[in-house]
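Take a look at the letters that make up each chain.
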Amino acid sequence: MENIGFNENQKSAMDAFEKLEKVGEGTYGKVYRAREKATGKIVALKKTRLHEDEEGVPPTTLREVSILRMLSMDPHVVRLLDVKQGQNKEGKTILYLVFEYMDTDVKKYIRSFRSSGTTMPPNIVKSLMYQLCKGVAFCHGHGVLHRDLKPHNLLMDPKTKMLKIADLGLARAFTLPMKKYTHEILTLWYRAPEVLLGATHYSTPVDIWSVGCIFAELVTNQALFPGDSELQQLLHIFRLLGTPNEERWPGVSKLMNWHEYPQWSPQKLSSVVPNLDEAGQDLLLQMLRYEPSKRISAKKAMEHPYFDDLNKAGL
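Residues numbered from 1 in each chain as written. Predicted model: local features only at pLDDT ≥ 70, side-chain atom pairs only at ≥ 80, totals over all residues. Heavy atoms only, no water.

Undergrad: Go over the nonpolar core with me, naming the residues and quoting the values.
TA: Nonpolar side chains tend to gather and get buried jointly when the protein is soluble and globular. Residues Met 120, Met 129, Leu 132, Phe 215, Leu 218, Leu 241 and Met 287 are the most contacted members of the largest nonpolar core, which totals 86 residues. It is helix α3 (residues 122-141) that contributes the most residues to this core, 11 residues altogether. Each of domain 1 (13-100) and domain 2 (104-307) gives at least three residues to this core. Counting 9 residues, the second largest nonpolar core, distinct from the first, contains Tyr 32, Ala 34, Leu 45 and Tyr 96. (Core = buried A, V, L, I, M, F, W, Y, C linked by side-chain atoms within 4.5 Å. Buried < 20%, exposed > 50% of the residue type's maximum accessible area, 1.4 Å probe, protein only. Helix = DSSP H or I, 4+ residues; strand = E, 2+ residues; numbered from the N terminus. Domains from an automatic or database assignment.)

Below is the structure:
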């Protein structure tokens, strides 16, 4: 299944697979757990409708697929195994992306600790964080922003504790100069403050902010900033980290959605993430810096002392 070409006239592309159940509804279409008939291998099938132009498969889709294919080389990105093209009853082109299937995701994994009233062992938190930083560093190193990192998009094998980043469907290669991005993409709880405040030019630090939010959640079983509107989201952040100002974040008051906000002083992170050691608190702080350019990079995060005692072999 390794060749990722398009099979042009494959009306029955899906005869190769037996759909077992729908496992999700992604931004771009339905996701099924399926069995490849020839091998018995279980895979995840992502079914996407194409906005067709006269030529068939749009170049943007081909570009997305080639980006996914390239990112698949990293062990911490879910592997794209194959792409199949078919047609639905109306004759519209359907693209099936065939991914490796993984049993669970970090959201479900966190929930299992919450429901048993326990917290995740610190060494597992550290291992998952290191793998996440490594996968993000790989994406960023290849010019790709994820823009929607959240526990639900981090698949894992509960036995080996191997973590893989999924749902790079929204990723687009960022080329310099930065394109303007719509900011309606990220799930609120993991959304960086510059996006909430209406910045139209943003880059890799938006993913690092999300990684920081995920870090805190792994430690406490609770979302760090569970806002239910853009304003509430900002207020959650300001209450903990202090209301930003020009001194702490030059240019903040020029952002499109900036208003006069209630003034809060910064709290200690240890007040909300108490069971994290000093090195972990420091790394978290560096991921949650207001000024995007001051946030630690994924590559630098991997070298942080927090990970010094982690056995990185095989990660």
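Undergrad: Can you tell me about the environment of Leu 197, naming the residues and giving the values?
TA: Of note, Leu 197 is situated in the loop between α4 (193-196) and α5 (205-220). Along the sequence, Leu 197 and Ser 253 sit 56 residues apart, while their C-alpha atoms lie 9.2 Å from each other. Not counting residues within four places of it along the chain, the set of residues in contact with Leu 197 comprises Leu 234, Trp 249, Val 252, Leu 255, Met 256, Asn 257, Trp 258 and Tyr 261. (Contact = heavy atoms within 4.5 Å.)

Undergrad: Can you break down the UniProt feature "binding site: ATP" (unreviewed entry) in the chain residue by residue, with the values?
TA: Mapped onto the present numbering, the UniProt feature "binding site: ATP" (unreviewed entry) falls at Lys 46. Structurally, Lys 46 is set in strand β3 (residues 42-49). Every residue in contact with Lys 46, bar those within four places of it in the chain, is listed here: Lys 30, Val 31, Leu 95, Tyr 96, Leu 97, Phe 99 and Asp 167. (UniProt positions renumbered as here; feature names shortened; annotations may be inferred.)

Undergrad: Residue-level account of unusual backbone geometry, with values.
TA: Of note in this structure, Arg 147 is not a glycine but carries a positive phi near 75 degrees. Examined against the element boundaries, Arg 147 turns out to sit in the loop between α3 and β7 (154-157).

Undergrad: Could you give me a rundown of the pattern of salt bridges, with the residues and numbers involved?
TA: Note on pairing: side chains with opposite charge can pair once their charged atoms come close. For the coordinates displayed, the defined rule picks out 12 salt bridges. The residue Arg 35 makes a salt bridge to Glu 18 at a minimum N-O spacing of 3.2 Å. Pair noted here: Arg 35 is in strand β2 (residues 29-36) and Glu 18 is in strand β1 (residues 17-26), with a separation of 17 residues, a long-range link. Close ionic contact of Lys 46 with Asp 167 constitutes a salt bridge, the shortest N to O distance being 2.5 Å. Here Lys 46, found in strand β3, pairs with Asp 167, found in the loop between β8 (162-165) and α4; they are 121 residues apart in sequence, far enough to count as distant. (Salt bridge = Lys/Arg side-chain N within 4 Å of Asp/Glu carboxyl O.)

Undergrad: Can you tell me about the sheet that holds β7, naming the residues and giving the values?
TA: Pairing between the strands of a sheet comes from backbone hydrogen bonds, and it takes one of two forms, parallel or antiparallel. Spatially, 3 strands are ordered β6-β7-β8 in an open sheet, and the strand pairing comes out antiparallel. The two strands at the open ends of the sheet, each matched to only one other strand, are β6 (104-105) and β8. Of the pairings in the sheet, the one linking β6 to β7 comprises 2 bridges and is antiparallel in character. In the sheet register, Asp 105 faces β7, and the bridge partner there is Leu 155. (Pairing = 2+ DSSP bridges.)

Undergrad: Residues and numbers for the confidence of the model for the chain, please.
TA: Mean pLDDT for the chain: 87, with 85% of residues reaching 70 or above. Counted against residues more than four places away or in other chains, residues 7-11, with its pLDDT under 50, gives 7 contacts. Per-residue pLDDT stays below 50 along residues 175-186; that stretch engages in 33 contacts with residues further than four places along the chain or on separate chains. (pLDDT = per-residue confidence, 0-100.)

Undergrad: Can you break down the pairing of β8 residue by residue, with the values?
TA: Summarising the sheet, β7 and β8 pair through 4 bridges and their orientation is antiparallel. Looking at β8, one finds that Leu 154 is bridged to Ile 165. In this antiparallel pair of consecutive strands, β7 and β8, the connection spans 4 residues, and Lys 161 shows a positive phi of 65 degrees.

Undergrad: For helix α2 (residues 106-115), give the residues involved together with the corresponding values.
TA: For α2, every residue scored as buried is listed here: Val 106, Tyr 109, Ile 110 and Phe 113. Along the axis of α2, the buried residues cluster in a sector spanning 95 degrees; they form a single face. Tucked inside the fold, the buried residues of α2 contact β6, α3, β7, β8 and α5. The backbone nitrogen of Lys 107 has a side-chain oxygen 3.0 Å away, supplied by the residue at the start of α2, namely Asp 105. In the segment just after α2, Gly 117 is the residue with positive phi, at about 70 degrees. (Arc of directions from axis to C-beta. Polar contact = N/O pair within 3.5 Å; in protein donor to acceptor, adjacent residues only side chain to side chain.)

Undergrad: So what's going on with the packing of α3 against α5? Residues and values would help.
TA: In the contact formed by α3 and α5, the axes pass within 10 Å of each other and the chain directions differ by 170 degrees. Our classification of the angle between α3 and α5 gives roughly antiparallel. Here Val 125, Leu 128, Met 129, Leu 132, Cys 133, Val 136 and His 140 of α3 come into contact with α5, specifically with Asp 207, Ile 208, Val 211, Ile 214, Phe 215, Leu 218 and Val 219. (Axes fitted to C-alpha atoms, helices over the stretch in contact; angles between N-to-C directions. Parallel < 35°, antiparallel > 145°, perpendicular 65-115°, else oblique.)

Undergrad: Which residues make up the environment of Val 125, and what are the values?
TA: With respect to the helices and strands, Val 125 occurs in helix α3. When the C-alpha positions of Val 125 and Val 219 are compared, they lie 6.7 Å apart, and in sequence the two are 94 residues distant. Contacts of Val 125, omitting those with residues within four sequence positions, involve Met 120, Phe 215, Leu 218, Val 219 and Tyr 306.

Undergrad: Pulling in residues and values, what's your account of the packing of aromatic side chains?
TA: Enumeration according to the criterion identifies 10 aromatic pairs in this entry. Relative to Phe 113, the ring of Tyr 109 has its centre 5.1 Å away and its plane inclined at 90 degrees; by these criteria the two rings are edge-to-face. Taken as a pair, Tyr 109 and Phe 113 lie in helix α2 at a separation of 4 residues, close to a single helical turn. Looking at Tyr 109, the relative accessible area reads 10%, which means it is buried. On the accessibility criterion, Phe 113 (13% relative accessible area) is buried. An angle of 50 degrees between the planes, with centres 6.5 Å apart, marks the rings of Trp 189 and Tyr 190 as tilted. Accessibility expressed as a relative area gives 35% for Trp 189, which makes it partly exposed. A network of ring pairs unites the aromatic residues Phe 238, Trp 249, Trp 258, Tyr 261 and Tyr 290 as a single cluster. Seen from the ring of Tyr 101, Arg 33 lies directly overhead, with NZ or CZ sitting 5.8 Å from the centre. Positioned above the aromatic ring of Tyr 130 is the side chain of Lys 312, whose terminal nitrogen or guanidinium carbon lies 5.6 Å from the ring centre. (Phe/Tyr/Trp six-rings, centres within 6.5 Å; stacked < 30°, edge-to-face > 60°. Lys NZ or Arg CZ within 6 Å of the ring centre and 35° of its normal.)

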